[in-house]
Amino acid sequence: MDHFDEMAWVDFARNLIPESVRPAMQRHLDEGCKNCLLTVQIWQSVLAVAQGEGALTPPADTVRVVKSFAAAPRASSGVRLVFDSGLQQVAAGIRGTAARQLLYQTDDYYIDLRLEPRRESDRACLVGQVMDRTGKDAASHGISVRLNADNLPIADTTANQFGEFQFDFAPGGNLSVAIVRNQEAEILLPL
Ligand SMILES: [Zn+2]
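Residues numbered from 1 in each chain as written. Predicted model: local features only at pLDDT ≥ 70, side-chain atom pairs only at ≥ 80, totals over all residues. Heavy atoms only, no water.

**Re the coordination of the zinc ion**
The cut-off we apply is this: We call an atom a donor if it is N, O or S and sits within 2.8 Å of the metal, or 3.2 Å for Na, K and Ca. Water is not counted, so some sites may look partial. A four-donor site is classed as tetrahedral when every donor-metal-donor angle falls between 85 and 135 degrees; four donors are called square planar, and six octahedral, when trans pairs exceed 155 degrees and all remaining angles lie between 65 and 115, with any other arrangement labelled irregular. Secondary structure elements follow DSSP: runs of H or I no shorter than four residues count as helices, runs of E no shorter than two count as strands, and numbering proceeds from the N terminus. Residue burial is assigned from relative accessible area. The probe radius is 1.4 Å, only protein chains are included, and a residue is buried under 20% of its type maximum, exposed over 50%, and partly exposed in between.
Distances from the zinc ion to its protein donors, His-3 (ND1), His-28 (NE2), Cys-33 (SG) and Cys-36 (SG), fall within 2.0 to 2.3 Å. Geometry at the zinc ion is tetrahedral, judged from the four donor atoms that bind it and their angles of 100 to 124° at the metal. Each donor residue of the zinc ion belongs to the same chain, and together they define the spacing H-x24-H-x4-C-x2-C. One end of the pair, His-3, is in the segment before helix H1 (6-13); the other, Cys-36, is in helix H3 (residues 34-51), and 33 residues separate them in sequence. Overall, Cys-36 belongs to the buried group, its relative accessible area being 3%.

**Quick word on the pairing of strand E6 (residues 152-158)**
As a reminder of what qualifies: Only strands that DSSP links by at least two bridges are regarded as paired with each other.
Pairing of strand E5 (residues 144-149) with E6 involves six bridges; the strand directions are antiparallel. Directly across from Val-145, in E6, lies its bridge partner Thr-157. The hairpin formed by E5 and E6 contains two residues between the paired strands, and Asp-150 there has a positive phi angle of roughly 50°.

**Observations regarding the nonpolar core**
Convention followed: Only buried Ala, Val, Leu, Ile, Met, Phe, Trp, Tyr and Cys residues count toward a nonpolar core, and they belong to the same one when joined by side-chain atoms within 4.5 Å. For this analysis, residues touch if any pair of their heavy atoms sits within 4.5 Å.
Within the largest apolar cluster, 25 residues are counted, with the highest numbers of intra-cluster contacts made by Leu-113, Leu-126, Val-177, Ile-179 and Leu-189. Put simply, the parts of the chain that give this core at least two residues each are strand E2 (100-105), strand E3 (109-117), strand E4 (124-132), E5, strand E7 (164-169), strand E8 (175-180) and strand E9 (187-190). If sequence neighbours within four positions are ignored, Leu-189 has contacts with Val-79, Tyr-104, Ile-111, Leu-113, Ser-176, Val-177 and Ile-179. Listed in part, the 10 residues of the second largest apolar core include Val-10, Ile-42, Leu-47 and Met-131.

**What to know about the pattern of salt bridges**
Worth spelling out the cut-off: Between Lys or Arg on one side and Asp or Glu on the other, a salt bridge is scored when a side-chain nitrogen of the former is within 4 Å of a carboxyl oxygen of the latter.
Evaluation of the coordinates by the stated rule reveals five salt bridges. In this structure, the salt-bridge partner of Asp-168 is Arg-123, at a minimum N-O distance of 3.7 Å. Of the two residues, Asp-168 is situated in strand E7 and Arg-123 in the loop between E3 and E4; the sequence distance between them amounts to 45 residues. Residue classification places Asp-168 among the partly exposed residues on the basis of a relative accessible area of 42%. Its salt-bridge partner being Glu-186, residue Arg-146 comes within 2.9 Å of it at the nearest N-O pair. Taken together, the residues Arg-146 in strand E5 and Glu-186 in the loop between E8 and E9 connect sequence positions 40 residues apart.

**Remarks on the packing of H1 against helix H2 (residues 22-30)**
Defined as follows: Helix axes are fitted only over the stretch in contact, all axes being lines through C-alpha atoms; the angle between N-to-C directions runs from 0 to 180 degrees. Every angle not falling under 35 degrees, over 145, or within 65 to 115 is termed oblique; those three ranges are roughly parallel, roughly antiparallel and roughly perpendicular. Just so you know the grouping, Ala, Val, Leu, Ile, Met, Phe, Trp, Tyr, Cys and Pro go in nonpolar, Asp, Glu, Lys and Arg go in charged, and all remaining residues, Gly too, go in polar.
Where H1 meets H2, the closest approach of the two axes is 11 Å, and the angle between their N-to-C directions is 100°. Of the possible angle classes, the one that applies to H1 and H2 is roughly perpendicular. On H2, the residues touching Ala-8, Trp-9 and Phe-12 of H1 are Arg-22, Met-25, Gln-26, His-28 and Leu-29. Its residues placed into classes, the contact of H1 with H2 shows five nonpolar, two polar and one charged.

This is a description of form; function is not addressed.
Quick look at the structure:
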């Protein structure tokens, strides 16, 4: 089965795909491709948070804010912040205790991060997933992940077979996540 690439599904989820292509992509989903359906679902859930309730396209404000944030020289080079729900909440004036979601993109990976405050305690939970974009199996399996506060390591873990990882920690300082790969520069992702 021929698949569509990830960027095509991003545009599909954003309703930016040309009308000449869209029916073929919809048919591909209808025929039951689980891989592509998962990709669309990830992006639809990301965009649903970005858009708040109801809207079909992200407000221009959100796109502009996300783009300007992505241009800030804080993440490793080659890393793009695709989405940050915190910026959306600021733009909408509803910043609060809700979970925050960020999606980063590199040449090799999508890295999804969800930061969840714990209401009953002073701890917070960070759940993440490293998703391989290259199609090379195992590229994100057993990857090491480190949580930093003010550039000092506070926790280490290893992603599971699905590239998923989780930290339970006491929040404080400027947080960042480092994806550590053998022989290659680590990927630093500010939170
Ligand atoms: Zn497919």
